[in-house]
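Letter by letter, the chains look like this.
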Amino acid sequence: MNRIALVVLSDSSREYDKEYTYLVPEDLIEEVHPGSRVIVPFGNSNRNAEGFIMGTEDVKELNTSYRLKYIKKVLDDIKWLDQWSIALCRWMRKRYICTYYDALKCMLPPGVGVKSIKSVILIKNTDHHNQTICEIIDVLIENGGECGLEELAAYIDKATFSRYIRQMEKEQIILIKEEFINKAKEKKVRVASLALPIDVIDEAINGNKIRSIQQIRVLEILKEAEYLSVADITKFSGASSSSVNTLQKHGYIYYKEVEVKRDPYTGRTYERSEAFLPTEEQAEVLKDALVKIETGGFYEALLHGVTGSGKTEVYLQLIKACFDRGMSAIVLVPEISLTPQMVERFKSRFGDEVAVLHSRLSAGERYDQWRLIRDGKKRVVVGARSAVFAPLERLGIIIIDEEHESSYKSETTPKYHARDIARERCSANNALLLYGSATPSVETYYRAARGEMVLYKMLDRPNNAVLPKVEIVDMRNELNEGNRSMFSNKLAQEIKKNIELKQQTILFLNRRGYSSFVICRSCGFTMKCPNCSINLTYHANNERLICHYCGFTVKNPVSCPKCNSRSIRHFGTGTQKIEDEVRKTFDGCSVIRMDMDTTAAKDSHEKILTTFKEKNINIMIGTQMIAKGHDFPNVTLVGVLAADSMLNLGDFRASEKTFQLITQVAGRAGRGQLKGRVIIQSYNTEDFSILTACNHDYMGFYKHEILLREKLGYPPFTNIGVIIISGPDDKIVSTNAKEVGETIVEFMEGCDEKPEVYGPMRAPLAFIKKKYRWRIIIKCKDIDNIIDAFTLIRDKLYKKFEKYFVEMSMDINPFNML
DNA sequence: AGCACGCCGACT
DNA sequence: GTCGGCGTGCTC
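- For chain A, the name recorded in an unreviewed UniProt entry is Replication restart protein PriA, with Pseudobacteroides cellulosolvens ATCC 35603 = DSM 2933 as its organism.
- UniProt annotates chain A under Subunit (unreviewed entry) with the comment "Component of the replication restart primosome."

So this is what it looks like as structure tokens:
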């Protein structure tokens, strides 16, 4: 009897992305289980590779055509994956056309991996006819008979070094020792601080001494914070660590080591809260859902609950029910809502059993949380998208709050949707999957409407809070009446009134920066990014033009680069411009702005919101990040400055996004005792998504939208596959794109349904980061046909693409089609 | 990514 | 002959 094991390698390369069969040696039988981490000999050279066990099996006969090798070593006694994660890993690989390791990485804490360290030991000191070999022996003797392989290679410095080492090993002159060291789980972290006073830094930036926007962003962030880890800097600035290194080299910043604080919530105490007595609506939902938990089968349910209807209390009581039955729970929330206030609600109910996972945890913190969860010390996990993979056992419920949020869709490989992962997990674990939203996604509502899942409704606002009064202002009329400002007369009047009443106002605009483009009025020249097919955006705070896609930046020109005319101006409206305008129009009022630019530094998001609330700032201006979370009892007026700005984006979700956004922004008004009002400015006042949002009419919106989706053949009636092919040479990209297109068309001819294939054509964002982009769209009812087509393309063409520096991204039902 | 293997030209 | 450089193919 032989025991064999299936092993996948911790190597993301496509070519050996397989489950390899290895023999389990007699003495390791007790240690090798599905989920353990091992070292296996791999390749002709039997190099040591790290891998994970996907499964084991006992077989009588080995009837493989090739000779199996033995597993060399078990790395640790941790079971990294359980049965469901292994199954999910296989499923993800197929569904998202990624590698096993891409999928595995989602389920493992960061920093898992081994580094191999090889050293060379001299065992036979002989004279050798070969000069290089003699040289190596000399170096080894000098080092006391042992030397690290890499050091040795550096000493010898010859291209043929490894050839000799192999020969020496064969002739038993040397012995190669290999050790495996876990990649450091840092307890200390390297942080960076500004090395020069802020005004010197500013001077360097303004004097064009520092020109890379990455570097400027890093410095801007460090100006706010005393010090930040390099990992955090790169995360918040979007710059790579190399730009941080350059700054250090040039002496603008310096590094030091700092102890990592492990539990981000240590030191906070939480008052224990007890369950509230549910309202009538809540009780009804709970009654039904609790039966489902009790029964213990796989169920899906949509909780359609308006803002403020008390969804969180329902969540808490359902989790409690799971708890009482020894089961665990996952709560997914959009990253933006992971505020201390939100966390507090869970912590105060479940205390230390709650683990919080979000993107701002350091690798060490993440690892700690992962271990605590896996060891059963934490049974409630609250977190953003990736928390859906939390290694909980006996899962009772997964809750996806704000189910329609786009942040649940990953934009990097594997491009999963947390909803789909949750569904796989819950069905494998017989758990309840609860979606919650005030504005459910059309896809989810459709499934509920068709009876594929239970639909719970909580449409009353508690304490009889009245819905804010919503008014639409047609900006075309304003223009006709000679009002060229960005505030309609009505809105300006209401803002003034609010300032007098010392009540607060939120102004919402979906565009950051100062204005959208810079144009020369004499010759019509517009400032474009040299790397992207995008107009540069003017940013007033540093008098620069920035590309929002690649970060390219130049100083704002005083004269037109083409015709030298001085009448080059910026047009359009961004949040920065609104801020200026507000200050000019409403004398002496206090203003605060919240967008990507002002929230780059750590915790600044939180700080801005607290300042706004506590200092009773008159007006807050922001992009969509202000749309959710946070109750501001004193906000009585919300102004949406350009409600139609998203409608013409060429995206089948444009109406849905508009509806959701307006509904959410409007929900910010009148959360306290005072009645709220909302003013919506738009050039397109007839659009149904704006009208229904103003009437707080989800059903009206849904009924209209679902008909459109059916007529036009969009999800949920079809699946849409998008392939973007990109690369530095337009010709090469387009010919390769054509080949992809032909392959798809050919493949689809063999399918039972007649799918539609569009393209290849230039992507709407045709040139980004110096790469030309071509796009192919497939519309197809059966998602498996798209998956199969994608898989075929990958297998057939990836090698060729590598050769031609062509990149390809494939996504099914993406949130971003551009 | 390594490494074996094979081919070829340069150097002694 | 031997050495060194380079292209190709393979990984249970």
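### Some remarks on the overall build of chain A
Then comes step 1: Summing up its helical and strand segments, chain A has 24 helices and 34 strands in all.
Then comes step 2: Against the globule reference of 28 Å for 818 residues, chain A gives a C-alpha radius of gyration of 30 Å, in line with a compact fold.
Then comes step 3: Counting the 818 residues in chain A, one finds 53% classified as buried.
Then comes step 4: Looking at chain A alone, contacts between residues at least 24 apart form 74% of all its contacts between residues at least 6 apart.
Then comes step 5: Carbon and sulfur atoms make up 48% of the accessible area of chain A, which amounts to about 38400 Å² in all.
Then comes step 6: Of the side chains in chain A, 116 bear a positive and 108 a negative charge, and the two mean positions are spaced by 4 Å.

### Quick notes on the protein's contact with DNA strand B
Then comes step 1: What surrounds DNA strand B is the set Tyr 16, Ser 45, Arg 47, Arg 163 and Arg 166.
Then comes step 2: The contact atoms of DNA strand B, taken as those within 4 Å of the protein, divide so that sugar and phosphate hold 53%.
Then comes step 3: Contact between DNA strand B and Tyr 16: a base nitrogen at 3.4 Å from a side-chain N or O atom of the residue.

### What about the packing of helix α11 (residues 311-324) against helix α12 (residues 340-350)?
Then comes step 1: Two numbers describe how α11 lies on α12: the axes approach to 11 Å, and their chain directions differ by 35°. The two elements α11 and α12 meet at a crossing, and its hand is right-handed. Contacts from Thr 312, Glu 313, Leu 316, Ile 319, Lys 320 and Phe 323 of α11 reach α12 at Arg 345, Phe 346, Arg 349 and Phe 350.
Then comes step 2: Taken together, the residues of the contact of α11 with α12 break down into 5 nonpolar, 1 polar and 4 charged.

### Notes on the packing of aromatic side chains
Then comes step 1: The tally for this structure, following the rule as stated, stands at 18 aromatic pairs.
Then comes step 2: Judged by centre distance (5.1 Å) and plane angle (15°), the ring pair of Phe 652 and Tyr 714 falls under stacked. Note that Phe 652 is positioned in the loop between β29 (635-640) and α20 (654-666) and Tyr 714 in the loop between α22 (698-712) and β31 (719-727), a separation of 62 residues in sequence.
Then comes step 3: Sitting over the face of the ring of Tyr 299, Lys 292 holds its NZ or CZ atom 5.2 Å from the ring centroid.

### Some thoughts on the sheet that holds strand β4 (residues 47-59)
Then comes step 1: Across the sheet, which stays open at both edges, the 6 strands sit in the order β5-β2-β1-β4-β3-β6 with mixed pairing between neighbours. Among the strands making up the open sheet, the edge pair consists of β5 (69-70) and β6 (73-74).
Then comes step 2: Pairing of strand β3 (residues 37-42) with β4, which is carried by 6 bridges, proceeds in the antiparallel orientation. For Pro 41, the partnering residue across the bridge sits in β4 and is Asn 48.

### Considering the protein's contact with DNA strand C
Then comes step 1: Surrounding DNA strand C, one finds 17 residues, the nearest of these being Thr 21, Phe 42, Tyr 66, Lys 69 and Tyr 164.
Then comes step 2: Counting only the atoms of DNA strand C that lie within 4 Å of the protein, the sugar and phosphate share comes to 53%.
Then comes step 3: One of the side-chain nitrogen or oxygen atoms of Lys 69 is found 2.4 Å away from a phosphate oxygen of DNA strand C.
Then comes step 4: Looking at the surface near DNA strand C, the elements that each hand over two or more residues are β2 (20-23), β3 and α5 (161-170).

### Some details on the UniProt feature "binding site: Zn(2+) 1" (unreviewed entry) in chain A
Then comes step 1: The UniProt record annotates "binding site: Zn(2+) 1" (unreviewed entry) at Cys 520, Cys 523, Cys 560 and Cys 563. A maximum C-alpha distance of 8.6 Å among these annotated residues, which run over 44 residues, shows that they cluster at one spot.
Then comes step 2: Residue placement: Cys 520 occurs in strand β22 (residues 517-520).
Then comes step 3: Look past the residues within four positions of Cys 520 in its chain and what remains in contact with it is Phe 525, Cys 560, Cys 563, Ser 565, Ser 567 and Ile 568.
Then comes step 4: Summarising the element assignment, Cys 563 is placed in the loop between β25 (553-555) and β26 (568-571).
Then comes step 5: The residues touching Cys 563, leaving out its near neighbours within four places in the chain, are Cys 520, Ser 522 and Cys 523.

### Here's the deal with the UniProt feature "binding site: Zn(2+) 2" (unreviewed entry) in chain A
Then comes step 1: Here, the residues flagged by UniProt with the feature "binding site: Zn(2+) 2" (unreviewed entry) are Cys 529, Cys 532, Cys 547 and Cys 550. The greatest C-alpha distance among the residues just named is 8.7 Å, despite their covering 22 residues of sequence, which places them together in space.
Then comes step 2: Ignoring sequence-local partners within four residues, the contact set of Cys 529 consists of Ile 534, Leu 536, Cys 547, Cys 550 and Phe 552.
Then comes step 3: Tracing the sequence through the fold places Cys 547 in the loop between β24 (544-546) and β25.
Then comes step 4: Classification of Cys 547 as buried rests on a relative accessible area of 0%.

### As for helix α18 (residues 575-585)
Then comes step 1: Turning to α18, its buried residues number three or more, namely Thr 575, Gln 576, Lys 577, Ile 578, Glu 579, Glu 581 and Val 582.
Then comes step 2: Turning to α18, the residues buried within the fold contact β21 (504-508), β23 (537-539), β27 (591-594) and β28 (619-622).

### Focus: unusual backbone geometry
Then comes step 1: Put simply, Thr 413 and Pro 414 share a cis peptide bond, and its omega is -10°.
Then comes step 2: Position of Pro 414 relative to the elements: it lies in the loop between β17 (395-401) and α14 (418-429).
Then comes step 3: Going from Pro 715 to Pro 716, the amide bond is cis rather than trans, its omega being 5°.
Then comes step 4: Topologically, Pro 716 is positioned in the loop between α22 and β31.

### Notes on the sheet that holds β17
Then comes step 1: Taking strand neighbours across the sheet as the criterion, the 7 strands line up as β15-β16-β14-β17-β18-β13-β19 in an open arrangement whose pairing is parallel. With one partner strand each, in any of the chains shown, β15 (354-357) and β19 (454-458) form the two edges of the open sheet. Going across the sheet, the axis of each strand differs from the next one's by a mean of 15°, ignoring polarity.
Then comes step 2: Of the strand pairs in this sheet, strand β14 (residues 328-332) and strand β16 (residues 380-383) are connected by 4 bridges, and their pairing is parallel. Bridge pairing in β16 places Ala 329 opposite Val 380.
Then comes step 3: Against the sheet, helix α15 (residues 442-449) makes contact with β13 (299-305), β18 (432-437) and β19, and its axis sits at roughly 115° relative to β13, the strand it touches most.

### Quick notes on the pattern of salt bridges
Then comes step 1: Here the structure, examined in full by the defined rule, presents 42 salt bridges.
Then comes step 2: The shortest N-O distance in the salt bridge between Arg 583 and Glu 579 comes to 2.9 Å. With Arg 583 and Glu 579 both in helix α18, this residue pair falls 4 residues apart, about one helical turn.
Then comes step 3: For Glu 579, a relative accessible area of 14% puts it in the buried group.

### With respect to the packing of helix α7 (residues 213-224) against helix α9 (residues 241-249)
Then comes step 1: Contact geometry of α7 with α9 gives a least axis separation of 9 Å together with a crossing angle of 75°. Between α7 and α9, the angle falls in the class roughly perpendicular. Only Ser 243, Val 244, Thr 246 and Leu 247 of α9 make contact with α7, whose side of the interface consists of Gln 214, Gln 215, Val 218 and Leu 219.
Then comes step 2: Considered class by class, the residues forming the contact of α7 with α9 number 4 nonpolar, 4 polar and no charged.

Rules and cut-offs
- Residues numbered from 1 in each chain as written.
- Chains lettered and ligands numbered in written order.
- Predicted model: local features only at pLDDT ≥ 70, side-chain atom pairs only at ≥ 80, totals over all residues.
- Heavy atoms only, no water.
- UniProt positions renumbered as here; feature names shortened; annotations may be inferred.
- Helix = DSSP H or I, 4+ residues; strand = E, 2+ residues; numbered from the N terminus.
- Rg over C-alpha atoms; globule rule 2.2 N^0.38 Å.
- Buried < 20%, exposed > 50% of the residue type's maximum accessible area, 1.4 Å probe, protein only.
- Contact = heavy atoms within 4.5 Å.
- Areas by Shrake-Rupley, 256 points an atom, 1.4 Å probe, with all protein chains shown as cover.
- Lys, Arg positive; Asp, Glu negative; His and termini not counted.
- Charge placed at Lys NZ, Arg CZ, Asp CG, Glu CD.
- Near = heavy atom within 4 Å.
- Polar contact = N/O pair within 3.5 Å; in protein donor to acceptor, adjacent residues only side chain to side chain.
- Axes fitted to C-alpha atoms, helices over the stretch in contact; angles between N-to-C directions.
- Left-handed = near helix turned anticlockwise from the far one by under 90°.
- Nonpolar A, V, L, I, M, F, W, Y, C, P; charged D, E, K, R; others polar.
- Phe/Tyr/Trp six-rings, centres within 6.5 Å; stacked < 30°, edge-to-face > 60°.
- Lys NZ or Arg CZ within 6 Å of the ring centre and 35° of its normal.
- Pairing = 2+ DSSP bridges.
- Salt bridge = Lys/Arg side-chain N within 4 Å of Asp/Glu carboxyl O.
- Parallel < 35°, antiparallel > 145°, perpendicular 65-115°, else oblique.

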